[in-house]
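One letter stands for each residue in the lines below.
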Amino acid sequence: MTTHHQPVAGHCPAHKQPQPPTGPIPIYGDAFTADPHATYRRLRARGPIVPVEISPSVYGYLAVTYRAAVYLLRNTPARFAKDPWHWEALQRGEVPVDSPARMMMQPRDNALWKDGPEHTRLRRAITGALARVDTHVLATTVARIADQLIDFFAADGQADLVTQYSDPLPMLTVFELFGCPQELGSRIVGAVTRVFDGGADSSQANTELEDACLELTHLKRYRPGRDVATYLIAAGLTDTEMVQTILLVIGAAAPPTSNHIGNGLRRVLTDPRFAGSVHDGVRPVADALDEVLWDNPPVPNYSPLYALGQQIFEGIHLEQGYPILVSFAAANSDPLLAVAPGARAGNRGHLAFSAGVHACPAPDLARVIAETALERALDRLPGLVLEVPEDELHNRPGTFLAGLTRLPVRFQPCTRIASYGR
Ligand code: HEM
């Protein structure tokens with residue numbers, strides 16, 4: 001790849017700016033996790049697209065205004081590429097193997113990391129398959145899964161709605177979308193967990209994960225159903241493309257939707273505008289969820305892009321070879337955006353689902369899953385309240401995903417409604 005400047009090891013793009021700021025601000029660590037918006041304000045004071053340290057010794061830029069975010073996303077792939085082949089530090093082997101940035105930003109053979117016709121082809125297969133999902137059937141499926149999960153703790157009068165509810169629910173839903181048999185689904189969850197743990201056997205777990213997705217593909221080729229896996233096969237994907245696309249959809253769907261449900265439950269339990277009124281049905285949970293997408297999006301920073309040639313935005317030269325992340329969270333809270341906090345319910349101008357050619361293909365499915373999950377929890381658990389003061393709720397550490405570590409709640413013990421064993 002040709003560039004004007006060859007960035008050197010450990011070098012950050014801040015040093016290439018005409019008037020360099022004092023240094024890249026980290027977008028990881030305790031201070032960032034505790035109050036990311038304080039970091040976004042500091043960054044915005046420096047400019048619309050600012051050098052940052054994404055994770056230890058991994059440098060790039062972060063777009064922190066709405067205008068900058070939309071400019072980058074709308075000019076992909078004409079001026080900015082998604083393909084991490086352009087990430088020079090990665091090509092030179094300078095990104096630590098255990099870096100969280102590497103895990104989330106390295107190339108994989110699926111639509112998320114492709115540009116141009118290859119992206120269009122793979123994405124069309126996904127959008128075509130997801131468009132065939134009947135949202136009424138999906139809502140019924142989610143309600144059933146929600147009831148099964150609630151039945152495990154209904155009689156206890158207390159639960160952690162993150163680990164016992166919002167974490168497992170979207171993954172179980174995605175398996176149903178794929179028509180995945182339960183035993184195969186359990187193997188996939190086990191392998192995904194081990195891959196993300198990053199332990200000594202993570203590469204073995206990755207092989208097992210790919211094997212399980214291949215097994216699902218073979219099963220669906222042999223016995224097609226009315227499910228997303230069958231629709232992807234019908235779109236002409238090869239076995240290898242099927243494995244990578246199944247992994248993409250699982251990874252893109254489950255963690256953000258889990259976080260969104262957890263963040264939404266927190267909102268209805270703590271915000272007096274929703275607490276109470278939601279139980280009465282006066283204000284739909286959809287309003288609470290819309291607000292959360294504005295001010296606490298589950299994917300706060302992502303969509304790493306790479307400048308193609310010399311790119312300048314509002315006077316800022318964007319160095320080639322460095323990832324430029326889009327901060328959906330900072331863009332949504334940009335003070336120049338004239339959407340008053342009170343006018344955010346029902347307003348979908350936020351960037352929580354990104355924009356442009358790589359925008360989330362499933363915002364409607366995500367909404368059905370999250371709304372149904374919130375409604376079932378509120379319907380089934382009488383007197384639902386937080387068990388701890390709100391300031392004892394904490395986000396998981398991380399740059400790319402924003403979700404709670406736990407959400408301890410209390411409610412009147414109630415009966416199980418389904419006949420699944422405990
Ligand atoms: C609240 C839940 C969700 C949020 C906030 C969310 C957000 C996003 C964002 C920000 C992107 C862009 C990522 C990037 O460009 O790097 C994305 C892409 C994607 N999402 Fe979602 N998502 C959600 C749920 C889902 C669900 C339920 C599915 C599938 C059933 C899904 C499938 C995908 C796929 C396949 C892509 C890649 C599209 C492409 O590269 O062309 N997402 N999502």
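For clarity, every value in this text was computed on a predicted model and none was experimentally measured.

Further remarks concern the site of the ligand. Residues in contact with the ligand amount to 27 residues; listed here are only the nearest, Ala252, Ala253, Cys360, Ala362 and Ala366. Of all the secondary-structure elements, those providing two or more residues to the shell around the ligand are α6 (116–131), α13 (239–270), β6 (301–307) and α17 (363–380). Top element by residues in the shell around the ligand is α13. It accounts for seven residues. Along the lines of polarity and charge, the residues of the shell around the ligand split into 21 nonpolar, five polar and one charged.

In terms of nonpolar packing, the biggest core is built from 118 residues, with Tyr61, Ala63, Ala69, Leu72, Ile246 and Ile324 touching the most fellow members. The element contributing the most residues to this core is α13, with 13 residues. If we ignore the near neighbours within four places in the chain, the residues touching Ile246 are Phe178, Cys213, Leu216 and Ala229.

Working definition: the strands of a sheet are paired by backbone hydrogen bonds and lie parallel or antiparallel to each other. Within the open sheet, the three strands sit side by side as β5-β11-β10. Their pairing is antiparallel. Two strands lie at the open edges of the sheet, namely β5 (158–160) and β10 (385–386), each paired on one side alone. When β10 meets strand β11 (residues 408–410), the two strands line up antiparallel, connected through two bridges. Pairing of Val385 across the sheet is with Arg410, part of β11.

The next thing to look at is the sheet that holds β6. The strand order across the open sheet formed by six strands is β1-β2-β3-β9-β6-β4, and the pairing between neighbours is mixed. Two strands bound the open sheet, and with one partner strand each, they are β1 (25–26) and β4 (80–81). Note that strand β3 (residues 58–63) and strand β9 (residues 324–327) share three bridges and pair parallel. Residue pairing for β9: Leu62 is matched across the bridge by Leu325. Packing against the sheet, helix α3 (residues 66–74) makes contact with β2 (49–55), β3, β4, β6 and β9, and its axis sits at approximately 125° to β9.

Now for the pairing of β2. With seven of seven residues buried, β2 is to be regarded as a mostly interior element. Where β1 meets β2, two bridges bridge the pair, whose relative direction is parallel. Within the sheet, the bridge partner assigned to Pro26 lies in β2 and is Glu53. Bridge count between β2 and β3: six bridges; the pairing is antiparallel.

Criteria and cut-off values
- Residues numbered from 1 in each chain as written.
- Predicted model: local features only at pLDDT ≥ 70, side-chain atom pairs only at ≥ 80, totals over all residues.
- Near = placed C-beta within 6 Å.
- Helix = DSSP H or I, 4+ residues; strand = E, 2+ residues; numbered from the N terminus.
- Nonpolar A, V, L, I, M, F, W, Y, C, P; charged D, E, K, R; others polar.
- Core = buried A, V, L, I, M, F, W, Y, C linked by C-beta atoms within 7 Å.
- Buried ≥ 20, exposed ≤ 12 C-beta atoms within 10 Å, placed from the backbone.
- Contact = placed C-beta atoms within 7 Å.
- Pairing = 2+ DSSP bridges.
- Axes fitted to C-alpha atoms, helices over the stretch in contact; angles between N-to-C directions.

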